[in-house]
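# Structure at a glance
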Amino acid sequence: MVDFQMWLVQTFARATPVAAMMRTAWGWPIAESVHFIGLCLLVGAIFLFDLRLIGLGRRIPIGALHKLIPWGLLGFAMTGASGILFLMTEPDQYVYNPAFHLKMLFMATAGLNALAFYITSYRKATAPGAPDEAPRLAKIIAVASLTLWIGVIVSGRLLTFYRPFPCGPEGPGFLAECLPNYYR
Amino acid sequence: MNDFLLWLESTAFSTWVRESTSVFAFPAILSVHAIGMGLAVGVNAAIALRLLGFAPGVPPRELHRFAPVMWIGVWMNTASGLVLLLGYPTKAFTNPVFYMKLALIALGMWLYVVMTRQLMSEGRPGLSGPEPNARFLAAASLVCWAGAVTTGRLLAYTAHRILATW
């Protein structure tokens, strides 16, 4: 695991033009704004769909509301693209950050959970003439989805409070050299 | 003004917001603020996208069912925002960007009220697609909320005075 983390940090630290762009006065703030606007789109599409599956707004056909999901995916792409820029600029601050590990875990689980919805319930819930009430399994998946995405947001906000302490001369990649010794 | 800010920052609650190391203090307040933002802006974005003509199978007036979600988000953010303001009043009140953020939120809320009125009139006999007026309101709403989120993020970078004692 430590080897994998070192490899990640060193790979990201090689993206120096990205880091240089992100360190300009406007780089980081603009990427953060994109990250947060993406979050809003994601919540707007995915949370509303989950709430509809649970039973809110029953007169909205589930298949019709699903047409907003691509906007949620656009939001996810916005957070993903800006997120990778953060990671390339300050790899140490994420790769060694327990809040980041938790965030990735929540995100991966939310992805598998969405996959489970498409495999088990999508057709049943969105077929023409499907009942207003979503299948029970879809409701359980929707509750899990809401919980997991809230987990992603909260662990994302916690990132700043769980930054690893620097233990060498600063600069991207510096923790890769000192943390393995720290763990031993 | 400065005396007021000095007094505010010396209160026990303001000090707690700034200095508590508990994960239930500043980190929790910020988390509530982020979730509330997602709910409030998310519902506004969904309504605006519908008025722009996306997801045409969704009956516009039924989107009103998600209004409580939007209001939960608004109240979460009003409460957590006030707590953040009590923690760092000087930082906010001395930054013009903070007033821009408040103005954009006020405009966004006004657009929400006007947009939902449009939603309720949609689907009446004789009205088929969204009217051009509704599309303009929807586009303005999206721009407004994107601006509110952006100015909110910029607060961290544009503050020039953090505490009244500085």
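Treat the numbers as computed from the prediction; the structure is a model and nothing was measured.

### Brief notes about the interface of chain A and chain B
- With 31 residues of chain A at the interface, the matching set in chain B holds 29 residues.
- At the level of elements, α3 (27-54), α4 (62-65) and α9 (136-158) of chain A are the ones that each hand at least two residues to the side of chain A that touches chain B.
- Looking at which element gives the most residues to the side of chain A that touches chain B, the answer is α3 of chain A, with 14 residues.
- Tallied by class, residues from the side of chain A that touches chain B come to 23 nonpolar, 4 polar and 4 charged.

### Here's the deal with the environment of Gly 42 of chain B
Residues and elements named next belong to chain B.
- One can find Gly 42 in helix α3 (residues 26-51).
- Gly 42 gets classed as buried once you count the C-beta atoms within 10 Å, which come to 28.
- Between the C-alpha atom of Gly 42 and that of Phe 13, which follows or precedes it by 29 residues, the distance is 31 Å.

### As for the confidence of the model for chain B
- Chain-level pLDDT for chain B is 92 on average; 94% of the residues reach the 70-or-more range.
- Predicted complex metrics record ipTM = 0.93 and pTM = 0.91.

### Here we look at the packing of α3 of chain B against helix α4 (residues 67-87) of chain B
Residues and elements named next belong to chain B.
- Where α3 contacts α4, the two axes come as close as 7 Å, and the packing angle between them is 145°. The chirality of how α3 crosses α4 is left-handed. Contact residues: α3 offers Ile 29, Val 32, His 33, Ile 35, Gly 36, Met 37, Leu 39, Ala 40, Val 43 and Asn 44, while α4 offers Val 69, Met 70, Ile 72, Gly 73, Val 74, Met 76, Asn 77, Ser 80, Gly 81, Val 83 and Leu 84.
- Across the contact of α3 with α4, the residue classes break down as 14 nonpolar, 7 polar and no charged.

### So, the packing of α3 of chain A against α9 of chain A
Residues and elements named next belong to chain A.
- One can describe the packing of α3 onto α9 by two numbers: an axis separation of 8 Å at closest approach and a directional angle of 155°. As summarised for this structure, α3 and α9 are arranged roughly antiparallel, according to the angle between their axes. Crossing hand, α3 versus α9: left-handed. Each of Leu 39, Ile 46, Phe 47, Asp 50, Leu 53 and Ile 54 in α3 lies in contact with α9, whose residues at this interface are Ala 138, Lys 139, Ala 142, Val 143, Ser 145, Leu 146, Trp 149 and Ile 153.
- Residue composition of the contact of α3 with α9, by class: 11 nonpolar, 1 polar and 2 charged.

### Observations regarding helix α5 (residues 69-89) of chain A
- In a regular helix each residue adds 1.5 Å, so 21 residues correspond to 30 Å; α5 of chain A covers 30 Å between its end C-alpha atoms and thus fits that length.
- Listed in full, the buried residues belonging to α5 of chain A are Trp 71, Gly 72, Gly 75, Phe 76, Met 78, Thr 79, Ser 82, Gly 83, Leu 85, Met 88 and Thr 89 of chain A.
- Looking at the buried positions of α5 of chain A, the neighbouring elements they touch are α1 (2-13), α2 (16-22), α3 and α6 (91-95) of chain A together with α3 of chain B.

Calculation notes
Residues numbered from 1 in each chain as written. Chains lettered and ligands numbered in written order. Predicted model: local features only at pLDDT ≥ 70, side-chain atom pairs only at ≥ 80, totals over all residues. Contact = placed C-beta atoms within 7 Å. Helix = DSSP H or I, 4+ residues; strand = E, 2+ residues; numbered from the N terminus. Nonpolar A, V, L, I, M, F, W, Y, C, P; charged D, E, K, R; others polar. Buried ≥ 20, exposed ≤ 12 C-beta atoms within 10 Å, placed from the backbone. pLDDT = per-residue confidence, 0-100. Axes fitted to C-alpha atoms, helices over the stretch in contact; angles between N-to-C directions. Left-handed = near helix turned anticlockwise from the far one by under 90°. Parallel < 35°, antiparallel > 145°, perpendicular 65-115°, else oblique. Expected span 1.5 Å × (residues − 1).

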